[in-house]
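Here is how the chains run, residue by residue.
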Amino acid sequence: MKYDGIFLRLKKTDAPDTLPRPVHWASAAVCRDDDIEPDVWFPVPTDPLAVEYAKGLCRRCPVQMRCRTDALNRGEEWGVWGGLDEDELRAVRRIRRAAAAKQAAQEKQAAQERQAADELATAG
């Protein structure tokens, strides 16, 4: 680094993109194995043996839950992710949406009750 009186000048080697980065969790995933064909993770849904094979590989993966969480958060619709097939991923998303809607309704009701109590307190 060099200060020229107005600006602090960085050398190319001081750039932030040269700093070490943490290893991404996916680098430890079973699906990154070069011996496994990518098509394994996208089996035909009507082929239960292929689906179970992919899910079995996921069960031995050290980052299975992280993969599942990321797939659900990204809205993955196709393939086996974190040990869940397409139908299971849809079911979990449906449950999450229902839980979020229920929580929102409860929060709305609580806010309305607080507002009504505040109005009674100020009126009385």
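Residues numbered from 1 in each chain as written. Predicted model: local features only at pLDDT ≥ 70, side-chain atom pairs only at ≥ 80, totals over all residues. Heavy atoms only, no water.

Asks: Go over the packing of aromatic side chains with me, naming the residues and quoting the values.
Replies: Scanning the model with the defined rule gives 1 aromatic pair in all. Between the NZ or CZ atom of arginine 74 and the centre of the ring of tryptophan 81, over which it lies, the distance is 5.2 Å. (Phe/Tyr/Trp six-rings, centres within 6.5 Å; stacked < 30°, edge-to-face > 60°. Lys NZ or Arg CZ within 6 Å of the ring centre and 35° of its normal.)

Asks: Account for the layout of surface pockets, with residues named and values stated.
Replies: Quantified by volume, the largest pocket comes out at close to 180 Å³. Taken together, 15 residues form the lining of the largest pocket, with Cys31, Trp41, Cys67, Val80 and Trp81 sitting closest to its centre. Of all the secondary-structure elements, those providing two or more residues to the lining of the largest pocket are α1 (48-59) and α2 (64-74). Taken together, the residues of the lining of the largest pocket sort by class into 13 nonpolar, 2 polar and no charged. (1 Å grid on protein atoms, 1.4 Å probe; cavity = no way out; pocket = protein on both sides within 12 Å on 5 of 7 lines; lining within 4 Å. Points joined across faces, edges and corners; volume = space filled by probe spheres on them. Helix = DSSP H or I, 4+ residues; strand = E, 2+ residues; numbered from the N terminus. Nonpolar A, V, L, I, M, F, W, Y, C, P; charged D, E, K, R; others polar.)

Asks: Which residues make up the nonpolar core, and what are the values?
Replies: In this structure, Ile36, Val40, Trp41 and Leu57 are the most contacted members of the largest nonpolar core, which totals 19 residues. Ignoring sequence-local partners within four residues, the contact set of tryptophan 41 consists of Cys31, Ile36, Ala54, Leu57, Cys58, Gly79 and Val80. (Core = buried A, V, L, I, M, F, W, Y, C linked by side-chain atoms within 4.5 Å. Buried < 20%, exposed > 50% of the residue type's maximum accessible area, 1.4 Å probe, protein only. Contact = heavy atoms within 4.5 Å.)

Asks: Describe the pattern of salt bridges, naming the residues involved and giving the relevant values.
Replies: Two side chains bearing opposite charge may form a pair once their charged atoms approach each other closely. Counted by the stated rule, this structure contains 7 salt bridges. Here aspartate 85 and lysine 55 are joined by a salt bridge, their closest N and O atoms 3.6 Å apart. Of this pair, aspartate 85 sits in the loop between α2 and α3 (86-123) while lysine 55 sits in helix α1, and the two are 30 residues apart along the sequence. For the pair aspartate 85 and lysine 55, a shared accessibility class is recorded, and that class is buried. The partner of aspartate 87 in a salt bridge is arginine 90, with the nearest N and O atoms 2.5 Å apart. Of this pair, aspartate 87 and arginine 90 both sit in helix α3, 3 residues apart, which is roughly one turn of the helix. By relative accessible area, which is 52% here, aspartate 87 ends up exposed. Note on arginine 90: relative accessible area 33%, which makes it partly exposed. Connected through salt bridges with shared partners, the residues Glu52, Lys55, Arg59, Asp85 and Glu88 form a single ionic network. (Salt bridge = Lys/Arg side-chain N within 4 Å of Asp/Glu carboxyl O.)

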